[in-house]
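Structural description and commentary
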Number of protein chains: 2
Amino acid sequence: MRTDADVLVVGAGLAGLSAATRLRASGLEVKVLEARERVGGRLLRRALGDGHWVDVGGQWMGPTQTRLAALATELGAESFPTYAQGENAIEWKGRVKRYRGDIPHINPAVLLDTLRVQRKLEALAKRVVVQEPWLTPRARELDSQTFWSWLEANTLTRGARTLLEIAVEAVWAAEPADISLLHMLFYTASAGGFDQLIGTNGGAQQDRFVQGAGGLALELGARLGEDIVLQAPVREISHAADRVEIATGQGTFLARRAILALPPTLAGRITYEPPLPGFRDQLTQRIAQGTVIKCMAVYEEPFWREQGLSGQGLSDRGPVRVTFDNSPPDGRPGVLLGFLEGEQARRLGRVDGAERRAAVLDCFARLYGPGAASPQDYFEQAWAEEPFSRGCYVGFFGPGVWTSYGPALRAPIGALHWAGAETAVRWNGYMDGAIESGHSAAAAVLAELGRDAVGEAAVAGEAA
Amino acid sequence: MRTDADVLVVGAGLAGLSAATRLRASGLEVKVLEARERVGGRLLRRALGDGHWVDVGGQWMGPTQTRLAALATELGAESFPTYAQGENAIEWKGRVKRYRGDIPHINPAVLLDTLRVQRKLEALAKRVVVQEPWLTPRARELDSQTFWSWLEANTLTRGARTLLEIAVEAVWAAEPADISLLHMLFYTASAGGFDQLIGTNGGAQQDRFVQGAGGLALELGARLGEDIVLQAPVREISHAADRVEIATGQGTFLARRAILALPPTLAGRITYEPPLPGFRDQLTQRIAQGTVIKCMAVYEEPFWREQGLSGQGLSDRGPVRVTFDNSPPDGRPGVLLGFLEGEQARRLGRVDGAERRAAVLDCFARLYGPGAASPQDYFEQAWAEEPFSRGCYVGFFGPGVWTSYGPALRAPIGALHWAGAETAVRWNGYMDGAIESGHSAAAAVLAELGRDAVGEAAVAGEAA
């Protein structure tokens, strides 16, 4: 039989690149088929000039993200702390205030309520069986309601609901109504806790990469070199127990296994021959991508710092609900980052670009003063418009999906294996999870093909 | 410009066939592109011999389904009442009982509770803005919770929850946890009420077609003749304001407009050039198909009738939760119909066929006696396994979908129009709704192309 590779990897995002790297290190021939003209998937950097970069895709690294840290070390990628000095800004009930530390100056009853509810969530999350969430005690009950319903029943104040809504939007780029409570708990457990999800210092937003997280993907891609086939969207896959054939515009490829490392909703659009079982197909019908437009305004310098502001802010009015200082390490130029998430992204994704820009800058100006209204440059990335992402940050599970379809998420089907941040057990939905998923799929394929996994021992040690 | 038709219709289900028929009656050239080797989509009949038919797809017609009735009249299709004489059977808490009429002999507190909750649902459904559910008063709140959450909060007895769960499974082939409360109310309102949805006499299950509902599609298809192109799955559509080009294995077709008459989740898998807006794409990521396996056991005669049983039954144990007498009009042979729906279909869809058959027949035997265990013939249709349906009866909306994405459901995009039972305003999800959706899309296209719609006046009159 002619083969072009031992394994075909579909998707050159961080999951696919990690899988391919691991497979090649174990001596297998690999081809990575990528739809875009670039590698990186949901990682994408943009040049600011003078060797400075910002990420318009995923960008942060937090503590306990050991796989991402190991990759950065291996690639020699420098990181630096997210700027978080000085006071944060909050727009709340029509007024803008500044505060230091984690706790805004708002009604103490709201703060106490929020803290109480957060503790309750942490306690529930601890009970989740992260490997198999459907085996969690009372999984059906947890999975039968939205996180919105749980918040309605468990918060005492509207303020706490609003704060948690903003947190949910920031983490999933979706609304509390969209997400199953069980999924919310699973995701929290997979990251090690709610504070880890929403935190900067000590949390998932702690560090950035000098060359951009997009740079990690480019470097990984460069090392794979000609094993990556760009502009090769995969529409059809013919497969059997020990054979996969994929026709692309760049030729037809044959191999013994394939790893599909792309968002579930996109994996579900491929035509498989033979067709996939209904159980798997119905799963991918039920995992939608979040909705985010990442907006950045560029200024000569980060003027808010001089006013003692960190650039970290939140607003109950929006449309931007969360902001960050996204300047390069030396603070030249100054970059304000604002996220349009969930409903705000859905609504503003449909208006004229000038109107959206005005709404974002108006929000920046309310938080950081009139100077924020006139940036040197403004740009945005609307991930739902990208045909090969169709949403960010991540696919989420609505009610009923984990308990009805969970076992279909990672189970290989003949020669087909699944990867991608949505399949990760640890740091699901994050770069760290994407790497984990790629390594897991690679390990499974290596075992099937009777090869030793190079580097697995090291990873096991690091996870222990 | 070369054109092969004025309008291309994608999908030869009832919606597509109805659209094409209407367009052709108004003098337009039409091509219907159908993936399968047959017309009918989710309508499919099976021969029992001696000119007898059963439907393994959609089959029933109810009062107020005026479009379906008009079509049947036009095609000369005879209908007959679903067999509903004698007593119904119910398996409840480990015991099988018989009862006459609508009300089983179970705990009166459960019956009263069920009735009370049903009335409450009817009252809520009356407030839904059926054309635009997202404009319903308090739509966000209604759409932010699952029907499960609402049942938990609004039923007093576990029995009422079980009865309503069975009803939900029977109507949507999904679980109360899967469905947004707003969607449940919209769907109820679109059918004219909850009793209309679940009823036999006076409800959606009232009548059947002598030649099968599948026969309607075949006859419509025969009249369209060579305007239908079979085995032409549509994977890519190139489109502009006044131009649609579709390449299929049966050639490439050019036209001025296209009507996509297929389930939203399948329409979302097509590659569009230019790509569709994120708002539309994210909608189709969020409308999953229900899960049903339609099972039929064939006996020499409908022996349950001699025992005074109607063949209509329900079971709180399952796996079949609802049964019907599905014999031909003359009762030769006898056919018992059992639905595996929602979770039961997901679970039993993954086991060996013999095991599934045994579980179904065991349930029939508990309800109708040991004779039911040994049919002459047994067959089933698992719609989630069908690559060109991927679930039945219908696509449903989980929490948040209507209020976030509703306007994308029917809005044309340039030359592309949408049809299918999921887009219907009246009898959404039913054959009647499919016809409505086809006629609506045809009318919109005719208006754009400056043609008078033939037959619209008649329809308007009939709806008034």
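What comes next concerns the included structure.

Rules of the game
Residues numbered from 1 in each chain as written. Chains lettered and ligands numbered in written order. Predicted model: local features only at pLDDT ≥ 70, side-chain atom pairs only at ≥ 80, totals over all residues. Heavy atoms only, no water. Axes fitted to C-alpha atoms, helices over the stretch in contact; angles between N-to-C directions. Helix = DSSP H or I, 4+ residues; strand = E, 2+ residues; numbered from the N terminus. Parallel < 35°, antiparallel > 145°, perpendicular 65-115°, else oblique. Left-handed = near helix turned anticlockwise from the far one by under 90°. Contact = heavy atoms within 4.5 Å. Expected span 1.5 Å × (residues − 1). Buried < 20%, exposed > 50% of the residue type's maximum accessible area, 1.4 Å probe, protein only. Polar contact = N/O pair within 3.5 Å; in protein donor to acceptor, adjacent residues only side chain to side chain. Least-squares fit on C-alpha atoms with pLDDT ≥ 70 in both. Pairing = 2+ DSSP bridges. Salt bridge = Lys/Arg side-chain N within 4 Å of Asp/Glu carboxyl O.

**Describing the packing of helix H1 (residues 14-25) of chain A against helix H16 (residues 431-448) of chain A**
All names here are of chain A. Packing of H1 against H16 leaves a shortest axis separation of 7 Å and a crossing angle of 40°. With respect to their mutual orientation, H1 and H16 come out oblique. Read as a crossing pair, H1 and H16 show a hand that is right-handed. Contact residues: Leu14, Ala15, Ser18, Ala19, Arg22 and Leu23 in H1; Met431, Ala434, Ile435, Ser437, Gly438, His439, Ala442, Val445 and Leu446 in H16.

**Details of helix H14 (residues 353-368) of chain A**
All names here are of chain A. An ideal rise of 1.5 Å per residue puts 22 Å on 16 residues; H14 measures up with 22 Å between its terminal C-alpha atoms. Those residues of H14 lying buried are Arg356, Val360, Leu361, Cys363, Phe364, Ala365, Arg366, Leu367 and Tyr368. Structurally, the start of H14 carries an N-cap: the backbone nitrogen of Ala354 is 3.1 Å from a side-chain oxygen of Asp352. Where H14 terminates, the next one or two residues include Gly369, which has phi positive at roughly 95°.

**Examining the relation of the copies chain B and chain A**
What connects the two chain copies is a rotation about an axis and a shift along it. Each copy of the sequence occupies a distinct position, and chain B is placed on chain A by a rotation of 180° and an axial shift of 0.0 Å, giving an RMSD of 0.0 Å. Here the symmetry operator amounts to a two-fold rotation axis. For chain B, the residue whose C-alpha comes nearest the rotation axis is B:Arg269, separated from it by 2.3 Å.

**As for the pairing of strand S16 (residues 292-299) of chain B**
All names here are of chain B. When you tally the buried positions in S16, you get eight out of eight residues, the bulk of the element. Taking every second residue as pointing to the same face, both faces of S16 are buried, with Val292, Lys294, Met296 and Val298 on one and Ile293, Cys295, Ala297 and Tyr299 on the other. Bridging between S16 and strand S20 (residues 377-382) involves six bridges; their strand directions are antiparallel. Note on S20: the bridge partner recorded for Ile293 is Ala382.

**Let's talk about the sheet that holds strand S7 (residues 95-99) of chain A**
Residue and element names in this part refer to chain A. On the basis of which strands lie adjacent, the open sheet formed by seven strands has the order S7-S6-S17-S18-S19-S16-S20 and mixed pairing. Looking at the sheet topology across the chains shown, the edges are occupied by S7 and strand S20 (377-382). Strand-to-strand twist across the sheet, computed as the mean angle between neighbouring axes with direction ignored, equals 20°. Two strands pair when backbone bridges link them, and strand S6 (residues 87-92) and strand S17 (residues 309-315) are joined in this way by four bridges, in the parallel orientation. Within S17, the position partnered with Glu87 by the bridge is Leu309.

**A word on the pattern of salt bridges**
Pairs can form between side chains of opposite charge whenever their charged atoms are close. If you walk through the whole model with that rule in mind, you get 51 salt bridges over all chains. Salt-bridge contacts for A:Asp227 lead to A:Arg24; the nearest nitrogen and oxygen are separated by 2.8 Å. Remark: A:Arg24 occurs in helix H1 and A:Asp227 occurs in the loop between helix H9 (213-224) and strand S9 (228-229); sequence separation between them is 203 residues. Using a relative accessible area of 34% as the deciding quantity, one classes A:Arg24 as partly exposed. A salt bridge links A:Arg235 to B:Glu236; its shortest N-O distance comes to 4.0 Å. Separated into two different chains, A:Arg235 in the loop between S9 and strand S10 (236-240) and B:Glu236 in strand S10 (residues 236-240) make up a pair that spans both. On the accessibility criterion, A:Arg235 (30% relative accessible area) is partly exposed. Classification of B:Glu236 by relative accessible area gives partly exposed; the value is 43%.

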